[in-house]
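Take a look at the letters that make up each chain.
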Amino acid sequence: MTGSTVIIDFTYLTLITIHSACSLVTCECMPKLEEIPKASLPPSMREQSAEMNESSLSELELEVRKKRLVYRSKQRGWLEVDLLLGTWASINVPSLNLDELDQFEDFVNLESTDIYNIITLRTDVPEFMKREDGEGVVEKIQEWARSSPLGKGEPDKYSEVKKDHNLI
């Protein structure tokens, strides 16, 4: 991989490739549920994973992936991004299809400053994230931020959303 750096992120158990040419960060692999030690799973999942067939196991892995993405969206470390991205994620990630999840994960893998600038329309959506029909996940997030009271900076709404989406 020319011009790329590979990092193993033990916090999220992912292999991340950072492409220096375009600031693109891609997630190369997500651990399969059977690769995660049983002791690391919640008690309900320990019992479930032992008796699951392949299709229900992949559904459970998808559910875990969605929960990780919501968590990562809420815990960026920058309040404005936590509120905007975390609120959108908690509302929309559970209903995303696989392609949209991949788009969202690529977006979440960007730096917080880039995410903030893209959401608030200070910079354009990177070319590799744009969709021809203009209906990509990033465009949906931008549209939501424009129409959301959070995007308009109402302090009372910030407090309400923080409580409603467990961001406090």
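Peer 1: Can you walk me through the overall build of the protein chain in this structure?
Peer 2: Assigned secondary structure in the protein chain consists of 7 helices and 3 strands. Listing the helices and strands of the protein chain from first to last along the sequence gives β-β-β-α-α-α-α-α-α-α. Looking at the 168 residues of the protein chain, the share that counts as buried comes to 39%. Per element, the accessible surface of the protein chain, about 10000 Å² overall, is 51% carbon and sulfur.

Peer 1: Would you take a moment to explain helix H4 (residues 98–108) for this structure?
Peer 2: Within the span of H4, buried status applies to Glu100, Leu101, Gln103, Phe104, Glu105, Phe107 and Val108. Here H4 starts with a cap whose side-chain oxygen sits 3.1 Å from the backbone nitrogen of Asp99, and that cap is Asn97.

Peer 1: Help me out: how do you make sense of the nonpolar core in this one?
Peer 2: A general trend in soluble globular proteins is that nonpolar side chains are found buried together. Counting residues in each nonpolar core, the largest one holds 25 residues, and the members touching the most others are Leu85, Trp88, Val93, Phe104, Phe107, Ile119 and Ile141. Sorting the residues of this core by element identifies helix H2 (54–74), helix H3 (79–92), H4, helix H5 (112–119) and helix H6 (137–147) as the ones contributing at least two each.

Peer 1: How should the confidence of the model for the protein chain be read in this particular structure?
Peer 2: Detailed reading of the predicted coordinates is not advisable wherever pLDDT falls low. For the protein chain, mean pLDDT is 77; residues scoring 70 or higher make up 68% of the total. Between residues 6–28, whose pLDDT stays under 50, and residues either more than four places distant or in other chains, the model counts 55 contacts.

Peer 1: What is the right way to read the packing of aromatic side chains from this model?
Peer 2: Any pair of aromatic rings gets described here by the distance separating the centres and the angle formed by the planes. Going through the model one piece at a time under the given rule, you end up with 2 aromatic pairs. Relative to Tyr116, the ring of Trp78 lies with its centre 5.1 Å away and its plane at 35 degrees, an arrangement referred to as tilted. Pair noted here: Trp78 is in the loop between H2 and H3 and Tyr116 is in helix H5, with a separation of 38 residues, a long-range link. Looking at Tyr116, the relative accessible area reads 18%, which means it is buried. Between Trp88 and Phe104, the aromatic rings sit 5.4 Å apart at their centres with planes inclined by 35 degrees, giving tilted as the arrangement. Taken together, the positions of Trp88 in helix H3 and Phe104 in helix H4 put the pair 16 residues apart, joining distant regions of the chain. Of the two residues, Trp88 and Phe104, neither departs from the other in class, the shared state being buried.

Peer 1: Just checking my understanding: could you explain the packing of H3 against H6 for this structure?
Peer 2: Helix-helix packing is characterised by the crossing angle of the two axes and by the distance between the axes. One can describe the packing of H3 onto H6 by two numbers: an axis separation of 11 Å at closest approach and a directional angle of 115 degrees. On the basis of their axis angle, the class for H3 and H6 is roughly perpendicular. The hand of the H3/H6 crossing is right-handed. When H3 is examined against H6, the residues Leu84, Leu85, Thr87 and Trp88 are found in contact with a partner set consisting of Val137, Lys140, Ile141 and Trp144. For the contact of H3 with H6, the per-class residue count stands at 6 nonpolar, 1 polar and 1 charged.

Peer 1: Where do I start with the packing of H4 against H6 in this structure?
Peer 2: Across the interface, H4 lies against H6 with an axial gap of 8 Å and an inter-helix angle of 70 degrees. Classed by the angle they form, the pair H4 and H6 counts as roughly perpendicular. Residues Glu100, Gln103, Phe104 and Phe107 of H4 lie in contact with H6, whose contacting residues are Val137, Val138, Lys140 and Ile141. Of the residues in the contact of H4 with H6, the class split is 5 nonpolar, 1 polar and 2 charged.

Peer 1: Got a minute to help me understand the pattern of salt bridges in this structure?
Peer 2: It is possible for side chains of opposite charge to pair when their charged atoms get near one another. Applying the stated criterion to the full structure yields 5 salt bridges. A salt bridge links Arg65 to Glu105; its shortest N-O distance comes to 2.7 Å. You can see Arg65 sitting in helix H2 and its partner Glu105 sitting in helix H4, a full 40 residues away along the chain. The pair formed by Arg65 and Glu105 is uniform in burial state, with each residue classed as buried. The partner of Lys130 in a salt bridge is Glu127, and the shortest N-O contact between them spans 3.2 Å. Judged by relative accessible area, Lys130 falls into the partly exposed class, the value being 35%. When salt bridges with common partners are traced through the structure, they connect Arg65, Asp102 and Glu105 into a single cluster.

About the criteria used
Residues numbered from 1 in each chain as written. Predicted model: local features only at pLDDT ≥ 70, side-chain atom pairs only at ≥ 80, totals over all residues. Heavy atoms only, no water. Helix = DSSP H or I, 4+ residues; strand = E, 2+ residues; numbered from the N terminus. Buried < 20%, exposed > 50% of the residue type's maximum accessible area, 1.4 Å probe, protein only. Areas by Shrake-Rupley, 256 points an atom, 1.4 Å probe, with all protein chains shown as cover. Polar contact = N/O pair within 3.5 Å; in protein donor to acceptor, adjacent residues only side chain to side chain. Core = buried A, V, L, I, M, F, W, Y, C linked by side-chain atoms within 4.5 Å. pLDDT = per-residue confidence, 0-100. Contact = heavy atoms within 4.5 Å. Phe/Tyr/Trp six-rings, centres within 6.5 Å; stacked < 30°, edge-to-face > 60°. Axes fitted to C-alpha atoms, helices over the stretch in contact; angles between N-to-C directions. Parallel < 35°, antiparallel > 145°, perpendicular 65-115°, else oblique. Left-handed = near helix turned anticlockwise from the far one by under 90°. Nonpolar A, V, L, I, M, F, W, Y, C, P; charged D, E, K, R; others polar. Salt bridge = Lys/Arg side-chain N within 4 Å of Asp/Glu carboxyl O.

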